[in-house]
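Structure at a glance
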Amino acid sequence: YAFASSLDEYHWSSLANLGSVFYDSLKQPAEAIEAYNKAYAILTQREVEPTDPPHDPTYILSELQYRIGLAITHSDGRKCAMQDDPDTPV
């Protein structure tokens, strides 16, 4: 999945699947969060059409948010924060 996303930076599903591998198989939640966030960003940006966009992006976005939440709660010390204000927890 990492190689596929390196070939096509807008292939959101490669990043979503990579996040699943990091979280489910490799037990690396920080890397999973990064991959899930990149997939989410690809699907929510408006400048470029994502590669193979999902038929129902709302469902996919909610699944990505769910998986991000799982990865965040994997470690007791992790907290949610906004990208533009990372020092303020939400």
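Reading the values: the criteria
Residues numbered from 1 in each chain as written. Predicted model: local features only at pLDDT ≥ 70, side-chain atom pairs only at ≥ 80, totals over all residues. Heavy atoms only, no water. Helix = DSSP H or I, 4+ residues; strand = E, 2+ residues; numbered from the N terminus. Buried < 20%, exposed > 50% of the residue type's maximum accessible area, 1.4 Å probe, protein only. Polar contact = N/O pair within 3.5 Å; in protein donor to acceptor, adjacent residues only side chain to side chain. Contact = heavy atoms within 4.5 Å. 1 Å grid on protein atoms, 1.4 Å probe; cavity = no way out; pocket = protein on both sides within 12 Å on 5 of 7 lines; lining within 4 Å. Points joined across faces, edges and corners; volume = space filled by probe spheres on them. Nonpolar A, V, L, I, M, F, W, Y, C, P; charged D, E, K, R; others polar. pLDDT = per-residue confidence, 0-100. Pairing = 2+ DSSP bridges.

Brief notes about the overall build of the protein chain
If you tally the helices and strands in the protein chain, you get 4 helices and 2 strands. The N-to-C order of helical and strand elements in the protein chain reads α-α-α-α-β-β. Principal-axis analysis of the C-alpha atoms gives the protein chain an extent of 35 × 30 × 25 Å. Out of the 90 residues in the protein chain, the part that is buried amounts to 32%.

Describing the side chain of Arg-67
Looking at where Arg-67 falls in the secondary structure, it is placed in helix α4 (residues 57-73). A polar atom in the side chain of Arg-67 sits 2.9 Å from the side chain of Tyr-36. Setting aside its immediate chain neighbours within four residues, Arg-67 contacts Ser-20, Tyr-23, Asp-24 and Tyr-36.

Some points on the side chain of Ser-5
Along the polypeptide, Ser-5 turns up in helix α1 (residues 2-7). Reaching out from Ser-5, the side chain makes a polar contact with the backbone oxygen of Ala-2 at a distance of 2.9 Å. Excluding residues that lie within four positions of it along the chain, Ser-5 makes contacts with Ser-14 and Leu-15.

Observations regarding the layout of surface pockets
In this model, the largest pocket occupies a volume close to 580 Å³. If you go around the largest pocket, you meet 19 residues; those closest to its centre are Asn-37, Ile-68, Ala-81, Met-82 and Gln-83. For the lining of the largest pocket, the elements supplying multiple residues, two or more each, are α3 (29-44), α4 and β1 (81-82). Residue contributions to the lining of the largest pocket peak at 6 residues, all from α3. Across the lining of the largest pocket, the residue classes break down as 10 nonpolar, 5 polar and 4 charged.

Some remarks on unusual backbone geometry
One non-glycine residue, Lys-27, lies in the positive phi region at around 55°. For Lys-27, a relative accessible area of 55% puts it in the exposed group.

Description of the confidence of the model for the protein chain
For any part of a model where pLDDT is low, the fine detail of the predicted coordinates should not be relied upon. Within the protein chain, residue pLDDT values average 93, and 100% of them lie at 70 or more. When the elements of the protein chain are averaged for pLDDT, β1 gives the smallest value, 75, and helix α2 (residues 12-25) the largest, 98.

A short note on the pairing of strand β2 (residues 85-89)
Each regular strand carries side chains that alternate between the two faces of the sheet. Within β2, only 0 of the 5 residues are buried, which leaves the element largely exposed. Here β1 pairs with β2 via 2 bridges, running antiparallel. Residue pairing in the sheet places Met-82 in a bridge with Asp-85 of β2. With antiparallel pairing between neighbouring strands as the criterion, β1 and β2 make up a hairpin whose turn holds 2 residues.

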